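Report on the structure
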Amino acid sequence: MEDIKNIIGNFEFNGNMTDCKIFGSGHINTTYIASYENNGKISRYIIQKINTNVFKNVDELMENVFAVTSFLREKIKANKGNPDRETLHYIKTKNGDKYYRDENGDCYRAYRFVENSKSCDSVNSPEIFEKSGVAFGRFQKYLSDFPATTLYETIPNFHNTVWRFENEFLPAVKNDLKNRAEECREEIKFVTSRKSDCSRLVNLIDEGKLPIRVTHNDTKLNNVMFDEDTDDAICVIDLDTVMPGLALYDFGDSIRFGANTCEEDDENISEVAINLDYFKAYARGFLCEAGENFNQCEIDNLAFSAKLMTLECGMRFLTDYLNGDTYFKIAYQKHNLVRARNQFALVKDMESKMDKMEDIIRNL
């Protein structure tokens with residue numbers, strides 16, 4: 001702990017430190033929370049050691065984060081909101097740098113803790129899911145005129161489903177490094193029969209019909225902070241994967257994660273389905289904030305984006321299984337295969353309900 005106290009001394013915090021401890025349960029970055037006292041007032045700050053094995057270019061990552069949060073703060077001020085509460089406020093080092101790199105090459109960044117807030121790990125009601133839709137919709141609304149192409153692509157081709165199909169999935173099937181393809185014939189066929197789905201949004205980008213926007217790319221429920229007293233959504237956090245993309249990616253991945261009737265690794269795939277009440281709730285929250293900023297092509301493809309992001313995720317699980325489980329952490333040997341089957345079952349259910357999903361979007 002003494003080392004982190006030395007690290008903290010490189011940042012511009014107000015007051016005298018009274019406490020510092022490990023914070024949260026994140027799996028990527030190591031996080032600490034430090035309390036400072038200044039004239040009887042306590043302020044808290046988050047300090048994170050950035051996982052440079054995952055994020056290779058910290059300069060680009062932090063350039064993105066500072067650019068987006070600075071823009072958000074001005075938007076929130078213009079809308080008479082509270083920028084210290086409604087977006088993360090990153091703290092520069094005493095040297096004016098966006099992060100601190102120590103003599104070992106380890107990288108640290110800091111931001112103000114959002115007081116009187118909480119996070120939720122699972123979607124347990126349409127109401128809370130709708131509020132998360134409000135948060136990510138507001139994120140899109142405030143950033144609708146941000147020049148997205150000025151951001152660095154920190155993970156190239158992250159949601160380029162055509163690239164995932166041609167450069168990852170097909171080689172994994174062909175190479176069959178662990179001799180697992182034979183037991184996955186149905187799953188492989190499931191993906192290959194939907195090849196045309198993989199190119200739909202990419203083609204619309206090429207045709208100029210879908211605009212490139214700022215995307216969060218990790219729209220899980222626990223990346224929204226809620227007010228402890230009212231349960232209202234306050235702000236979106238975990239901006240490490242913010243980069244250029246489609247608003248459809250964020251919407252679709254939210255539905256994939258939050259509107260599945262089962263956990264994504266539930267083996268009982270006969271129970272897997274999309275909960276249309278949850279779909280409607282999230283879409284209502286998302287569109288009430290961001291809808292006016294979207295063009296008709298974006299609106300028309302919202303329901304499809306949920307299917308595509310689910311197909312892409314299942315394809316990635318299957319690819320990793322064929323490659324010998326080298327990317328996703330697993331708890332047992334066939335974990336990735338179970339995940340893939342689960343996602344494909346959700347895709348199939350979405351296909352059977354696509355007319356209803358599109359009707360919900362039209363009615364909203």
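Our subject is the structure listed above.
Below you will find a few notes about this structure. (Residues numbered from 1 in each chain as written. Predicted model: local features only at pLDDT ≥ 70, side-chain atom pairs only at ≥ 80, totals over all residues. Heavy atoms only, no water.)

Structural notes on the environment of Glu351
Put simply, the test is: Note on conventions: DSSP H or I runs of at least 4 residues are helices, E runs of at least 2 residues are strands, and numbering of each starts at the N terminus. Working rule for contacts: check all heavy atoms of both residues, and any pair within 4.5 Å makes them a contact. For the purposes of these results, a polar contact is taken to be a pair of N or O atoms within 3.5 Å, where, inside protein, one atom must be able to donate a hydrogen and its partner to accept one; residues adjacent in sequence count only when each atom of the pair is a side-chain atom.
The residue Glu351 is located in helix 12 (residues 335-363) in this model. Distance from Glu351 to Lys307, taken between C-alpha atoms, is 7.5 Å for residues 44 residues apart in sequence. If we ignore the near neighbours within four places in the chain, the residues touching Glu351 are Arg194, Asp197 and Lys307. There is a polar contact of 2.8 Å between the side chain of Glu351 and the side chain of Arg194.

A short note on the nonpolar core
What counts here: The definition of a nonpolar core used throughout is a set of buried Ala, Val, Leu, Ile, Met, Phe, Trp, Tyr and Cys residues joined through side-chain atoms within 4.5 Å. When accessible area is computed with a 1.4 Å probe and restricted to protein chains, residues below 20% of their type maximum are described as buried, those above 50% as exposed, and intermediate ones as partly exposed.
Val68, Phe139, Leu201, Val214, Phe251, Ile255 and Phe279 are the most contacted members of the largest nonpolar core, which totals 79 residues. For this core, the element with the highest residue contribution is helix 2 (residues 58-78), accounting for eight residues. Setting aside anything within four residues of it in sequence, one finds Ile255 in contact with Phe129, Asn260, Ile274, Phe279, Tyr282, Ala306 and Met350. Phe165, Phe169, Cys313 and Val347 belong to the second-largest nonpolar core, a separate cluster that totals 21 residues.

Some details on the packing of helix 7 (residues 195-206) against helix 11 (residues 302-323)
Threshold: Note on geometry: axes are C-alpha line fits, over the in-contact stretch for helices, and angles between N-to-C directions span 0 to 180 degrees. Should an angle fall under 35 degrees it is called roughly parallel, over 145 degrees roughly antiparallel, and 65 to 115 degrees roughly perpendicular, with every other angle called oblique. Here is the rule for handedness: rotate from the far helix to the near one, and if that takes an anticlockwise turn smaller than a right angle the crossing is left-handed, while a clockwise turn gives right-handed. We call Asp, Glu, Lys and Arg charged. Ala, Val, Leu, Ile, Met, Phe, Trp, Tyr, Cys and Pro are nonpolar, and the rest, Gly among them, are polar.
Where helix 7 meets helix 11, the closest approach of the two axes is 10 Å, and the angle between their N-to-C directions is 120°. The angle between helix 7 and helix 11 falls in the class oblique. The two elements helix 7 and helix 11 cross, and the hand of that crossing is left-handed. Contact residues: helix 7 offers Asp197, Cys198, Arg200 and Leu201, while helix 11 offers Phe304, Lys307, Leu308 and Leu311. Class assignment for the residues of the contact of helix 7 with helix 11 results in five nonpolar, no polar and three charged.

Let's talk about the state of the cysteines
Stated formally: Cysteine sulfur atoms that pair up within 2.5 Å are treated as a disulfide.
All chains considered together, the criterion is met by zero disulfides. With no disulfide partner, Cys235 has as its closest neighbouring cysteine sulfur the one in Cys120, 13 Å distant. Assessed through its relative accessible area of 3%, Cys235 is described here as buried.

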